[in-house]
Every structure is written in C-alpha cells, then in structure tokens.
Amino acid sequence: MSLVTIADLMSQAEKEGYAVGAFNANNLEIVQAIVAAAEAKRSPVIIQASQGALKYAGLEQITAMVKTAAAGATVPIALHLDHGTDFTQVMRCIRTGFSSVMVDGSKLPLQENIGLVQRVVQVAHAVGVSVEAELGRISGTEDNVTVSDREAYFTDPEEAEIFTRETGVDCLAVAIGTAHGPYKGEPKLDFERLDEIRRRVSVPIVLHGSSGVPDEAIREAVARGVRKINIDTDLRQAFVAKMREVLAAKPDEYDPRKILGPAREVLQQVIEHKIQVFGSAGRV
Ligand code: G3H
Ligand code: 13P
Ligand code: ZN
C-alpha cells in the first residue's frame, strides 16, 4: 500500500471512536516491529520520526525504509514528522515523501505559533500532506518543573478553538498532564480540560508523552475523544531491556542479529498491546 495521511486515518478513527498509535522509529528493527504488530492486529498505524531520528538515521533512509515497509503491508501506514520546529526541515520532509508532518510552535507566543502553522498548512495541504500542531506545552518528565508550573502550560480550550480555526490544522496536540519520557509517579490527566477542548475544537486530538500512562487512563482518554496517541519511551525501554537480557545471558554474543532480533520480537508484543488498548485492532 502507498503511505496514507494521518487525516485519512483520523477520519475513520473519529467515526468509529478509537485512537491510532503513533510510534517513534529510529532504525530498521523498530520499523519492522511496528509494521509486524499492525499487521498482526489488523490495525492502521503511524510511524513517526523525530528530528533526533532524522539526524541519527538520515531523512532519505528513514523515508525509504518506511515507504518500503508500507508498500509490502496490507494495513494503512502513515509516515509522520514528530515535533518539527524548523520550517525548512518540515518542507524537506514533505518533499522526501512524508505523508504527514507535525509543526511544533508550542514554545512560541500564540500569534507566532499560528503564523508558523498557517505557512506550513498552506504548502502541506496543497500537496496532500496533513499537519499536526501543538498548543500548550508538553514538557519532559525530567525537566525540573513543579506540578503547578506544568499546569500553567496546559492547553487553554478557548485558545485551542481560535488556533484550530485560524490555522486549519488536521489535528491538535494538547497539554493535559502528560510529559515526554519516563514518569516518576503516576501521571494525572485533566479529563475535564480534554472535554472542554473537544467541545470547542472539531479536529482530532493528539496525546503526546503517552508512555507510562496506565492503560485505564488511556482508554478513558480515547473514550473522551483522543484519536492519535504518541509512544516512544515504552518502546525504547522494552527494546533495550531485551538487548540487555540477551547480552547478560550470552556475554560473548557478537552477532547483532541475535541481540536485535529478540528485541524486535519483544517490541512487536509491546506495540500489539498498545494497539489493543487504543481500540484500533481489527479496524482494517
Ligand atoms: O517527543 C519526543 C520523542 O520521544 C522523540 O525523542 O528527539 O530523542 O528522538 P528524540
Ligand atoms: P513518550 O516518549 O513519553 O512516549 O512520548 C512520545 C511522544 O510524545 C513523541 O512525540
Ligand atoms: Zn511528543
């Protein structure tokens, strides 16, 4: 299959009331595990590359890997730029073949964020690429911020209404209590805020920093309208834990395939579980 856009995926998710997993990929084994899990679960899936991933693996290589994987797949797959901040780089991703891009202007003042996103939307929509933007600020768990500091960055529902109307984005990432990276305690999601955002905003809602959020809270978020769920840390941890386990059991192993292969299998299981929780299994 050719790559699909997240707008395509979100419209079915919206109609049927589930969320699509957006899994970060940095290398071949991660791409393979995501696709194998989506095939096994008959689920649509989003493979996303961060700026760090592009730096590590290369824009062309990542694109070629995901396009090739999608061409051989029987489930719909989107290739999405995660947290693009630089206009030029976002344009390069579009030209190289990404089907969707995130332009993250969340650190900018509202009007500048709107201006940046408008510019991206104008070009992206002209060539059939969909756009995610972020409003509010989703920090890292390791950033030294107190709970009240964090809450000050939560997405304002009224601003979200203005922002989506003025930019024409396809989906909106919101700050409602999640953070990137491993949590120290259990994250508390502000579901009332999510409801208010949903009441005012017609585009699908995206949840970042979803690793480490308990399955029940994820199900609740999906029931309340989250339609794209970003997962990275849980994948990294599962992948590396298995590599460590293999290396500890076989310290003399020198064949990377015998270390990465088992890690890829574990990763597939973790992704299959996420797909089940998000409700996207059996939708294809
Ligand atoms: O949102 C952040 C993602 O986990 C990507 O992280 O920039 O280290 O690739 P990264
Ligand atoms: P986690 O690493 O916390 O799952 O966050 C992933 C993410 O939001 C990618 O954009
Ligand atoms: Zn994110």
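Residues numbered from 1 in each chain as written. Chains lettered and ligands numbered in written order. Predicted model: local features only at pLDDT ≥ 70, side-chain atom pairs only at ≥ 80, totals over all residues. Heavy atoms only, no water.

Colleague: Tell me about the overall build of the protein chain, residues and numbers included.
Modeller: Along the protein chain, the regular secondary structure elements total 12 helices and eight strands. Computed over C-alpha atoms, the radius of gyration of the protein chain comes to 18 Å, within 12% of the 19 Å expected from 2.2 N^0.38 for 284 residues, which places it in the range of a compact globule. If you line up the protein chain on its principal axes, its C-alpha atoms span 60 × 40 × 35 Å. When the 284 residues of the protein chain are sorted by exposure, 55% land in the buried category. Intrachain contacts of the protein chain at a sequence separation of at least 6 include 74% that bridge at least 24 residues. Surface accessibility of the protein chain: about 12,500 Å² in total, with carbon and sulfur atoms responsible for 51%. The positive charge centre, built from 31 side chains, and the negative charge centre, built from 38, are 4 Å apart in the protein chain. (Helix = DSSP H or I, 4+ residues; strand = E, 2+ residues; numbered from the N terminus. Rg over C-alpha atoms; globule rule 2.2 N^0.38 Å. Buried < 20%, exposed > 50% of the residue type's maximum accessible area, 1.4 Å probe, protein only. Contact = heavy atoms within 4.5 Å. Areas by Shrake-Rupley, 256 points an atom, 1.4 Å probe, with all protein chains shown as cover. Lys, Arg positive; Asp, Glu negative; His and termini not counted. Charge placed at Lys NZ, Arg CZ, Asp CG, Glu CD.)

Colleague: Quick rundown of the coordination of the zinc ion (ligand 3)? Include the residues and the values.
Modeller: Looking at the zinc ion (ligand 3), the protein donor atoms are His83 (NE2), His180 (NE2) and His208 (ND1), and they sit 2.0 to 2.1 Å from it. The sequence pattern formed by the donor residues of the zinc ion (ligand 3) is H-x96-H-x27-H. Here His180 is found in the loop between strand E6 (171-174) and helix H9 (191-200), whereas its partner His208 is found in the loop between strand E7 (205-207) and helix H10 (215-223), with 28 residues between them in sequence. His180 sits in the partly exposed class, given a relative accessible area of 29%. The class for His208 is buried, based on a relative accessible area of 0%. (Donors = N, O, S within 2.8 Å, 3.2 Å for Na, K, Ca; no water.)

Colleague: How would you explain the pairing of strand E5 (residues 130-135) if you had to name every residue and give the values?
Modeller: Two faces make up the sheet, and in a regular strand the side chains alternate between them. Of all six residues in E5, six are buried, a share of seventy percent or more. The alternating pattern of E5 places Ser130, Glu132 and Glu134 and Val131, Ala133 and Leu135 on opposite faces, both of which are buried. The pairing of strand E4 (residues 100-103) with E5 spans four bridges and is classified as parallel. Note on E5: the bridge partner recorded for Val101 is Val131. For the crossover from E4 across helix H6 (residues 110-126) to E5, the handedness is right-handed. (Pairing = 2+ DSSP bridges. Right-handed = clockwise from strand over helix to strand, strands pointing away.)

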